[in-house]
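Here are the chains, one letter per residue:
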Amino acid sequence: MNTQQQIREQARWTRARLGRCGPPLDLLTAHFDQHVYAPHAHTEFTIGVTVGGSEVIAYRGGHIHSYPGSIVVLEPGEMHTGGPAACDGYAYQALYAEPALLTDGTLGGLPHFRDPVLHDPELATALRAAHTDISTCPDPLEAESRLPWLLTALARRHSTARASTDAIPGADHIARSVRDRLADELLDPPSLADLATDLGLSRYQLLRAFRTATGIPPYAWLAQHRVARARRLLETGMRPAEVAGLVGFADQAHLTRWFRRVLGVTPAAYRNSVQDTAG
């Protein structure tokens, strides 16, 4: 095998945790020129988005093909293989979800996907973005806020499951309670599953209520709250590397990502501009 092939035969695993002390969820980013999987099955749902090339998968007695933008859903216990459908290989992002993650927010038991290859550009884009962000920085609250929400959407849109009601009474009160807990436990926020249990809700109901009341998921609210706290510390002259840990970000890169999203500049640039003004 030459050097170019070695570079392109790549697989990277990331383990995220769904909330503080919550269950793990594995994410895979892969690019293969030649690799063909041996027949195997998983205990979880395998949910992948093809990002390059094309893949052929032996599944349910036939062969299915995926192309860039395709969502592929392989159900637990189903034997399958996977390999390149053409000479340019294939690349994809996948996650391995316990069945219970697809039943929250739905009715009718375990979802069944009659068509394992789905065309849903909006959901494919959202899954790819969440996968990329969480693989880069597997923040437990972000993983728990984004992935179960998208998996519920997948089950609702494309499986035999029926959607449960979206009407959540008292959404403003629920969101206020969640915000207070997250702000109080800034450095080690509780899981959404624990918050939901305390409020007598499912995690999906909590997420639905929070989004209804605020327009954003809990992790995004907490990140913006942390940025506001970081801004005040930077104004005192503290360095971004120090500030990141004091407000609950994983590291300086995590702080920088969110600081730029909220304020449009890096923490270092903001600190320097404030110090220049003060001088």
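Relevant structure appears above.
Structure report, in brief. (Residues numbered from 1 in each chain as written. Predicted model: local features only at pLDDT ≥ 70, side-chain atom pairs only at ≥ 80, totals over all residues. Heavy atoms only, no water.)

### A look at helix H7 (residues 218–235)
The test is simple: Helix and strand labels come from DSSP, where a helix needs a run of H or I of at least four residues and a strand needs a run of E of at least two; each type is numbered from the N terminus. The span one expects for a helix is its residue count, reduced by one, times 1.5 Å. Exposure classes here rest on a 1.4 Å probe applied to the protein chains alone. A residue is buried below 20% of its type maximum, exposed above 50%, and partly exposed in between.
Between the first and last C-alpha of H7 there are 26 Å, a value that for 18 residues agrees with the 26 Å anticipated at 1.5 Å per step. Along H7, the residues that are buried comprise Pro 218, Tyr 219, Ala 220, Trp 221, Leu 222, Ala 223, Arg 226, Val 227, Ala 230 and Leu 234.

### Re the sheet that holds strand E4 (residues 45–53)
Operational definition: DSSP bridges decide pairing: two strands pair if at least two such bridges lie between them. Here, two residues are considered to be in contact whenever any of their heavy atoms come within 4.5 Å of each other. To get an axis, fit a line to the C-alpha atoms, keeping to the stretch in contact for a helix; angles then go from 0 to 180 degrees between the N-to-C directions.
Pairing is antiparallel in the open sheet, where six strands are placed in the order E1-E2-E9-E4-E7-E11. The open sheet has two edge strands with one neighbour each: strand E1 (10–17) and strand E11 (117–118). Each of E1, strand E2 (24–32), E4, strand E7 (71–74) and strand E9 (90–97) is contacted by helix H2 (residues 121–136), which is oriented at about 105° to E2, the strand it contacts most.

### Overview of the packing of aromatic side chains
Quick note on the threshold: Within 6.5 Å between ring centres, the rings of Phe, Tyr and Trp (the latter by its six-membered ring) count as paired, and their orientation is classed by plane angle as stacked under 30 degrees, edge-to-face over 60, tilted in between. Only Lys NZ and Arg CZ are tested; either one counts as a charge over a ring when it is within 6 Å of the ring centre and within 35 degrees of the ring normal.
Evaluated as defined, the whole model comprises eight aromatic pairs. Aromatic pair Phe 45 and Phe 113: ring centres 6.0 Å apart, planes at 75°, arrangement edge-to-face. With Phe 45 in strand E4 and Phe 113 in the loop between strand E10 (106–107) and E11, this pair connects stretches of sequence that are 68 residues apart. Look at Phe 113 and you get buried, because its relative accessible area is 0%. Taking 6.0 Å as the distance between ring centres and 5° as the angle between the ring planes, the aromatic pair formed by Tyr 90 and Tyr 92 counts as stacked. The two residues Tyr 90 and Tyr 92 agree in class, both being buried. Grouped by ring-pair contacts, the aromatic residues Phe 32, Tyr 37, Tyr 90 and Tyr 92 constitute a single cluster. The ring of Trp 149 has Arg 211 sitting right over it, with the charged end atom 4.2 Å from the ring centre. In this structure, Arg 261 packs its charged tip against the face of Trp 258, placed 4.7 Å from the ring centre.

### Quick word on the nonpolar core
To keep things clear, this is the line we draw: Within this scheme, the nonpolar core is defined by two criteria: the residues are buried Ala, Val, Leu, Ile, Met, Phe, Trp, Tyr or Cys, and they are joined through side-chain atoms within 4.5 Å.
In this structure, Val 178, Leu 182, Leu 206, Phe 249, Leu 255, Trp 258 and Phe 259 are the most contacted members of the largest nonpolar core, which totals 35 residues. Broken down by secondary-structure element, the contributors of at least two residues to this core are helix H3 (140–158), helix H4 (171–184), helix H5 (192–198), helix H6 (203–214), H7, helix H8 (240–246), helix H9 (252–263) and helix H10 (267–278). Considering every element that reaches this core, the biggest residue donor is H7, with eight residues. Those residues in contact with Phe 259, other than ones at most four positions away along the chain, are Val 227, Ala 230, Arg 231, Leu 234, Gly 264, Val 265, Thr 266, Pro 267 and Tyr 270. Ranked by size, the runner-up nonpolar core spans 27 residues in total, among them Val 49, Ala 130, Leu 151 and Leu 154.

### Some remarks on the pattern of salt bridges
The following threshold applies: Here, a salt bridge means any side-chain nitrogen of Lys or Arg that lies within 4 Å of a carboxyl oxygen of Asp or Glu.
All chains considered together, the criterion is met by 18 salt bridges. Here Asp 166 ties to Arg 208 by a salt bridge, and the two come within 3.4 Å at their closest N and O atoms. Taken as a pair, Asp 166 in the loop between strand E12 (162–163) and H4 and Arg 208 in helix H6 lie far apart in primary sequence, 42 residues in all. Residue classification places Asp 166 among the partly exposed positions, given a relative accessible area of 34%. Ionic pairing is found between Glu 185 and Arg 181, a salt bridge with its closest N-O pair at 2.8 Å. You can call Glu 185 partly exposed: its relative accessible area is 25%. What makes Arg 181 partly exposed here is its relative accessible area of 29%. Overlapping salt bridges bring together Arg 20, Arg 181, Glu 185, Asp 188 and Asp 198 as one network.

### Observations regarding the side chain of His 80
This is how the line gets drawn: For the purposes of these results, a polar contact is taken to be a pair of N or O atoms within 3.5 Å, where, inside protein, one atom must be able to donate a hydrogen and its partner to accept one; residues adjacent in sequence count only when each atom of the pair is a side-chain atom.
By the element assignment, His 80 lies in strand E8 (residues 80–84). At 2.9 Å, the side chain of His 80 and the backbone oxygen of Glu 78 are in polar contact.

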